[in-house]
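Residue strings, one per chain:
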Amino acid sequence: MKAKKIVIGNWKMSPHTRGEAKSLFDSVKKKVTSVKKTNVVVCPPFVFLGMLAGSLRSKNISLGGQDVFYKSRGSHTGEVSADMLSDSRAEYVIVGHSERRALGEDDEIVAKKAIQAVTDGLSVIICIGEDKRDESGKYLSVLSEELKNSLYKFPQQHLNKLIVAYEPIWAIGKTTFDAMSPADIEGTVIFIRKTLSLMYGKERASTIPIIYGGSVTVGNAKSLITDGGISGFLVGHESLIASNFNEIISIVEHA
Ligand code: PGA
């Protein structure tokens, strides 16, 4: 059976009220009733998870956290454990998003979070991406090092719960025309897949979904999914506009 495509909405620190969060989620829920070949995941701020979980009935949509702590118990003010996410019916968690790395989260912390989350049963979306592209191709070693270090000691029996999100930092939060070109994404995906093959062997590496994030919009989703060699998208700002996010889901579903 062909693996399902994946569309993940990363709401970041939005929307600002429970009411807005509910109506956005309701709209996506309605959309996914007609979706068969795509896994849709919504990652709201922690405080909305419980409320949204209460109305989660469909198998076609899942919830995810935007971060998680690397310990399961203890006095850690402000942190949220993988257990708590699961108890709020989150099945996924984003780990190592560039906006968290910019606040000081390094590969070592990312690796610890990934291990804790997957051991506690969550599927882990590991984010990697270079901050700039240089002509000499240095960014490739930046990427492979970031990937290897972020997955340091990742338990191999849980590789089926790993998704790699490639998000070039320079392409995040912009417009349709600022996303990476499909050809460049395709080349980078081949490189990431090669790195994963060196880590886990070709066969297992071939089953790990690699998705793209960075200014995915209604305007570019079709060419990115058709020619980018990816399994889906991690969508930021467009996931906050229900009609646009739903349209991106349709595009992926029919690609
Ligand atoms: P963007 O964000 O779609 O707004 O570029 C993507 C992300 O940061 O995950």
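Source: prediction; values computed, not measured.

Peer 1: Give a detailed account of the overall build of the protein, specifying residues and quantitative values.
Peer 2: Summing up its helical and strand segments, the protein has ten helices and eight strands in all. In terms of C-alpha radius of gyration, the protein reaches 17 Å, essentially the compact-globule figure of 18 Å for 255 residues. Dimensions of the protein, computed from C-alpha atoms along their principal axes, come out at roughly 50 × 45 × 35 Å. By sequence separation, contacts in the protein at least 24 residues apart represent 72% of the contacts at least 6 residues apart. For the protein, the accessible surface area stands at approximately 12100 Å², while carbon and sulfur atoms represent 53% of it.

Peer 1: Give a detailed account of the pattern of salt bridges, specifying residues and quantitative values.
Peer 2: Summed over all chains, the structure comprises twelve salt bridges. Of the charged contacts, one joins K12 and E99 as a salt bridge, the two residues approaching to 2.8 Å between their closest N and O atoms. A residue pair is termed long-range when its members are at least 10 positions apart, and K12 in the loop between strand 1 (5-10) and helix 1 (18-32) and E99 in helix 4 (residues 98-101) qualify at 87 residues. Among the residues examined, E99 registers a relative accessible area of 36% and is labelled partly exposed. Here D67 makes a salt bridge to K113, at a shortest N to O gap of 2.9 Å. Highlighted residues: D67 in the loop between strand 3 (61-65) and helix 3 (82-87) and K113 in helix 5 (residues 107-119), separated in sequence by 46 residues. For D67, a relative accessible area of 8% corresponds to the buried category. Looking at K113, the relative accessible area reads 4%, which means it is buried. It is possible to trace a salt-bridge network through shared partners that takes in D67, R100, E105 and K113.

Peer 1: Requested: an account of helix 5, with residues and values cited.
Peer 2: For helix 5, spanning 13 residues, the distance from its first C-alpha to its last is 18 Å, which sits close to the expected 18 Å at 1.5 Å a residue. All of the buried residues in helix 5 are V110, A111, K113, A114, Q116, A117 and V118. Looking at the buried side of helix 5, the elements it contacts are helix 3, strand 4 (90-95), helix 4, strand 5 (123-128) and helix 6 (138-150).

Peer 1: An account of the environment of G232 is requested, with residue identities and associated values reported.
Peer 2: By the element assignment, G232 lies in strand 8 (residues 232-235). On the basis of relative accessible area, G232 is assigned to the buried category, the value being 0%. Taking the C-alpha atoms as reference points, G232 and I6, 226 residues apart in sequence, are found 4.6 Å from one another.

Peer 1: Could you give me a rundown of the packing of helix 6 against helix 7 (residues 182-200), with the residues and numbers involved?
Peer 2: Where helix 6 meets helix 7, the axes come as close as 10 Å, and the angle between the chain directions of the two elements is 45°. It follows from the interaxial angle that helix 6 and helix 7 lie oblique. As for how helix 6 packs across helix 7, the hand of that crossing is right-handed. In contact with L140, L143, S144, L147 and K148 of helix 6, helix 7 contributes T188, F191, I192, T195, L196 and M199. Here the contact of helix 6 with helix 7 is composed, by residue class, of seven nonpolar, three polar and one charged.

Peer 1: Summarise the site of the ligand; cite the residues concerned and give the values.
Peer 2: Lining the immediate surroundings of the ligand are N10, K12, H97, E167, I172, G173, G214, S215, L234, V235, G236 and H237. H97 places a polar side-chain atom, nitrogen or oxygen, 2.7 Å from an oxygen atom of the ligand. E167 places a polar side-chain atom, nitrogen or oxygen, 2.7 Å from an oxygen atom of the ligand. For the ligand, whose free accessible area comes to 280 Å², the fraction covered by protein is 99%.

Peer 1: So what's going on with helix 7? Residues and values would help.
Peer 2: In this model helix 7 runs 26 Å from its N-terminal to its C-terminal C-alpha over 19 residues, within 8% of the 27 Å that 1.5 Å per residue would give. Looking only at helix 7, the buried set comprises P182, I185, T188, V189, I192, T195, L196, S197 and Y200. Check the buried side of helix 7 and you find it contacts strand 5, helix 6, strand 6 (162-166), helix 8 (202-205), strand 7 (210-213) and helix 9 (221-227). Once helix 7 finishes, G201 follows within two positions and takes phi at roughly 90°, a positive value.

Peer 1: Summarise the environment of L147; cite the residues concerned and give the values.
Peer 2: By the element assignment, L147 lies in helix 6. What L147 contacts, discounting residues up to four positions off in sequence, is I128, V164, I192, T195, L196 and M199.

Peer 1: Kindly report on the packing of helix 1 against helix 10 (residues 242-254), identifying the contributing residues and their values.
Peer 2: Look at helix 1 against helix 10: their axes get within 9 Å of each other, and the N-to-C directions meet at 25°. Taken together, the axis directions place helix 1 and helix 10 in an arrangement best described as roughly parallel. For the pair helix 1 and helix 10, the crossing hand works out as right-handed. Of the residues in helix 10, those in contact with L24, S27, V28 and K31 of helix 1 are A242, F245, N246, I249 and S250. Residue classes in the contact of helix 1 with helix 10 are distributed as five nonpolar, three polar and one charged.

Rules used in this analysis
Residues numbered from 1 in each chain as written. Predicted model: local features only at pLDDT ≥ 70, side-chain atom pairs only at ≥ 80, totals over all residues. Heavy atoms only, no water. Helix = DSSP H or I, 4+ residues; strand = E, 2+ residues; numbered from the N terminus. Rg over C-alpha atoms; globule rule 2.2 N^0.38 Å. Contact = heavy atoms within 4.5 Å. Areas by Shrake-Rupley, 256 points an atom, 1.4 Å probe, with all protein chains shown as cover. Salt bridge = Lys/Arg side-chain N within 4 Å of Asp/Glu carboxyl O. Buried < 20%, exposed > 50% of the residue type's maximum accessible area, 1.4 Å probe, protein only. Expected span 1.5 Å × (residues − 1). Axes fitted to C-alpha atoms, helices over the stretch in contact; angles between N-to-C directions. Parallel < 35°, antiparallel > 145°, perpendicular 65-115°, else oblique. Left-handed = near helix turned anticlockwise from the far one by under 90°. Nonpolar A, V, L, I, M, F, W, Y, C, P; charged D, E, K, R; others polar. Near = heavy atom within 4 Å. Polar contact = N/O pair within 3.5 Å; in protein donor to acceptor, adjacent residues only side chain to side chain.

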